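# Per-entry structural report
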Amino acid sequence: MFENTTFCITTFGCQMNKHDAERLSGLMSSLGSVPVQTNAEADFSIFVTCCVREKADERLMGTVATMKNDPVRPGSPFGKRFVAIGGCIGQRDGQKLLDQLENADVVFGTHNMEALPHLLQEAIEGGMRRAELVDGRAEFHDDLPEDREHPWAAWLPITVGCNNFCTYCIVPYVRGRELSRPIEEIAQQAQAYVDAGVKEITLLGQNVNSYGRDLYGEPRFAQVLDVVSKTGVERIRFATSHPKDLTDEVIERFATLPNLMPALHLPAQSGSNRILKAMNRRYTVEHYRELIEKLRKVCPDIALSTDIIVGFPGETEEDFQATYDLVNEVGYNQVFTFIYSKREGTPAAEMQDDTPREVIQERFDRLVDLVQRNAERLNLEQNQAGVVLPVLVTGASKNDPSILAGKSPRNQTVHARVPQGMSASDFAGSIVDIRIDEAHTWYLWGTML
Ligand code: 5AD
Ligand code: SF4
């Protein structure tokens, strides 16, 4: 049924979605379907979506609706393109999506990706339009084959779901309660990746720091770092950390594990204790600052990044100023800034929200401007000309195959020219030494040694 067919997967959202997309791609490939780059070439257009913010919703709806009149690909065995929607939006909206999007054929949830082939089959054979969701407790289904975007980089989910119920966030309702994967299984999976040539493993979870609580009655994320480090993988990263659960034990690993990269994403969300409380974040800005201090003590050159929400219901100028001050003081290499987006069903959606849109936009712009200036300054400070960095090459730069693109340990983008007669793709997946010559705001330029 799937032989000689093509599929295209589009993701809107976080790394967890990208990992899901790789597994869906593996699943479709194992059935004989061939991945293609664009929907125009595809018999199956598959969307993996995120519903954390309204923008992703809008982008999905817009993209699928405008595909309605696109011609089917020449040679299509069905005379029709099938559209399947999965991920968080699929899980949240189910049948409603089929009602709203007349060209959508199949909807599947976050816990039942393996349902996709039979749902597609029903659509092909019987013209059925169906949503299939599994409710309740999240379960680990990580036994699907996967088609990794880069053979040398792997995402490894260690928890799914979230128990935190930040008042603005829909994730706990959609992804379910937190569930940890046994540590032995994580170790095995990591070893299998290393044996297959993977250089970088990114451990994933909504809150990796609380890993293990459901299984062992206590958090054991530091132990996960230890077992993954022992595999000898070149680089370990992880996301996301909740500040309330980041322990001294984990912080110390930045000093002791040579393959744990000096980069940490630690979402602050706000710098105002009043707003943090209303968000149900369960830490104070003082505690957050203390964490940053400890991190810098054990790992002085650590690259820090964060998430900030601007315009949470009831945010005053004073609250915003506290956030601005925090961002300015910490000096992040990267800040993901979001305008608060009301999500139906969350407690914050019921809160009084009367700050005018323009005021929120103006605060947002001020913050983005600060972030840009700080990133530029930090990039220059942390990367003095002449320093030599091991760079994991990801491929060629967008416009020039003789210029490579890669990532430094701090996760900064590095570009350099490859030797004459060679192409950047020859180096993809290897770690090369690059002497930094210039630091720009969003990338470093250097010379291959
Ligand atoms: N509005 C705006 N931003 C949100 N985030 C989560 N929910 C919302 C929302 N309702 C942001 C948080 C989180 C990141 C993944 O998305 O900053 O850390
Ligand atoms: Fe959402 Fe908070 Fe859980 Fe992160 S920790 S997924 S922001 S509820």
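For the protein chain, an unreviewed UniProt entry supplies the name tRNA-2-methylthio-N(6)-dimethylallyladenosine synthase and the organism Denitrobacterium detoxificans. Its UniProt record, at the heading Subunit (unreviewed entry), says of the protein chain: "Monomer." According to the UniProt record, the Catalytic activity (unreviewed entry) comment for the protein chain is "N(6)-dimethylallyladenosine(37) in tRNA + (sulfur carrier)-SH + AH2 + 2 S-adenosyl-L-methionine = 2-methylsulfanyl-N(6)-dimethylallyladenosine(37) in tRNA + (sulfur carrier)-H + 5'-deoxyadenosine + L-methionine + A + S-adenosyl-L-homocysteine + 2 H(+)".

### Thoughts on the state of the cysteines
Following the criterion strictly, the structure yields 0 disulfides and no others. Of all cysteine sulfurs in the structure, the one in Cys50 sits closest to Cys8, which takes part in no disulfide; the separation is 19 Å.

### Brief notes about the site of ligand 1
Around ligand 1, the neighbouring residues are Val52, Arg53, Tyr168, Gln269, Asp307, Ile309, Phe338, Ile339, Tyr340, Ser341 and Arg343. Here Tyr168 contributes a backbone N or O atom positioned 3.0 Å from a nitrogen atom of ligand 1. Note that a nitrogen atom of ligand 1 is positioned 2.7 Å from one of the backbone N or O atoms of Ser341. Within the complex, 85% of the 400 Å² of free accessible area of ligand 1 lies under protein. Tallied by class, the residues present in the shell around ligand 1 amount to 6 nonpolar, 2 polar and 3 charged.

### Description of the packing of helix α13 (residues 317-330) against helix α14 (residues 357-382)
When two helices pack together, you describe them by how their axes are tilted relative to each other and by the distance separating the axes. With their axes 10 Å apart at the nearest point, α13 and α14 run at an angle of 10 degrees to one another. On the basis of the axis angle, α13 is roughly parallel to α14. Where α13 abuts α14, its residues Glu317, Phe320, Gln321, Tyr324, Val327 and Asn328 lie against Arg363, Arg366, Leu367, Leu370, Val371, Arg373 and Asn374.

### Comments concerning the domain arrangement of the protein chain
Split into domains, the protein chain comes out as domain 1 (6-132), domain 2 (153-382) and domain 3 (388-448). With centres defined by C-alpha atoms, the gap from domain 2 to domain 3 works out at 27 Å. Counting the surface lost from both domain 2 and domain 3, the interface buries some 1400 Å², and carbon and sulfur atoms represent 50% of this. Together, Lys199, Arg235 and Asn379 form the three largest contributors to the area buried by domain 2 at its contact with domain 3, with a combined 40%. Taken together, the links from domain 2 to domain 3 amount to 1 salt bridge. Contributing elements (two or more residues each) for the side of domain 2 that touches domain 3: β11 (235-239) and α14. Here the element with the most residues in the side of domain 2 that touches domain 3 is α14; it accounts for 6 residues. In the side of domain 2 that touches domain 3, the residues fall into 6 nonpolar, 4 polar and 7 charged.

### A word on the sheet that holds strand β14 (residues 334-339)
Pairing between the strands of a sheet comes from backbone hydrogen bonds, and it takes one of two forms, parallel or antiparallel. Overall, parallel pairing links the 3 strands, which are arranged β12-β13-β14 in an open sheet. For this open sheet the edge positions go to β12 (263-265) and β14, each flanked by a neighbour on one side alone. Averaged over all pairs of adjacent strands, the angle between their axes in this sheet comes to 10 degrees, without regard to strand direction. The sheet contact formed by strand β13 (residues 303-310) and β14 spans 6 bridges and is parallel. From the neighbouring strand, Asp307 faces β14, where its bridge partner is Phe336.

### Section: the packing of aromatic side chains
Both the distance between ring centres and the angle between the ring planes are used here to describe each pair of aromatic rings. Per the counting criterion, the structure on display carries 13 aromatic pairs. Note on Tyr168 and Phe312: the rings are 6.4 Å apart at their centroids and 85 degrees apart in plane angle, and the pair reads as edge-to-face. Linking Tyr168 in the loop between β8 (159-160) and α6 (171-175) with Phe312 in the loop between β13 and α13, this pair joins segments that are 144 residues apart in sequence. As far as the burial class goes, Tyr168 and Phe312 line up, both buried. With a centroid separation of 6.2 Å and an interplanar angle of 55 degrees, the aromatic rings of Phe320 and Tyr324 are classed as tilted. One end of the pair is Phe320 and the other is Tyr324, both in helix α13 and 4 residues apart, which spans about a single turn.

### Thoughts on the pairing of strand β16 (residues 400-407)
A regular strand carries its side chains on alternate faces of the sheet. Here strand β15 (residues 388-397) pairs with β16 via 5 bridges, running antiparallel. Its bridge partner lying in β16, Val393 is registered against Gly406. Joining the antiparallel neighbours β15 and β16 is a turn of 2 residues. Counting the residues between successive antiparallel strands, the hairpin from β16 to strand β17 (residues 413-417) contains 5 residues, one of them, Asn411, with a positive phi of roughly 75 degrees.

Parameters and conventions
Residues numbered from 1 in each chain as written. Chains lettered and ligands numbered in written order. Predicted model: local features only at pLDDT ≥ 70, side-chain atom pairs only at ≥ 80, totals over all residues. Heavy atoms only, no water. UniProt positions renumbered as here; feature names shortened; annotations may be inferred. Disulfide = S-S within 2.5 Å. Near = heavy atom within 4 Å. Polar contact = N/O pair within 3.5 Å; in protein donor to acceptor, adjacent residues only side chain to side chain. Areas by Shrake-Rupley, 256 points an atom, 1.4 Å probe, with all protein chains shown as cover. Nonpolar A, V, L, I, M, F, W, Y, C, P; charged D, E, K, R; others polar. Axes fitted to C-alpha atoms, helices over the stretch in contact; angles between N-to-C directions. Helix = DSSP H or I, 4+ residues; strand = E, 2+ residues; numbered from the N terminus. Parallel < 35°, antiparallel > 145°, perpendicular 65-115°, else oblique. Contact = heavy atoms within 4.5 Å. Domains from an automatic or database assignment. Buried area = accessible area lost by both parts, 1.4 Å probe. Salt bridge = Lys/Arg side-chain N within 4 Å of Asp/Glu carboxyl O. Pairing = 2+ DSSP bridges. Phe/Tyr/Trp six-rings, centres within 6.5 Å; stacked < 30°, edge-to-face > 60°. Buried < 20%, exposed > 50% of the residue type's maximum accessible area, 1.4 Å probe, protein only.

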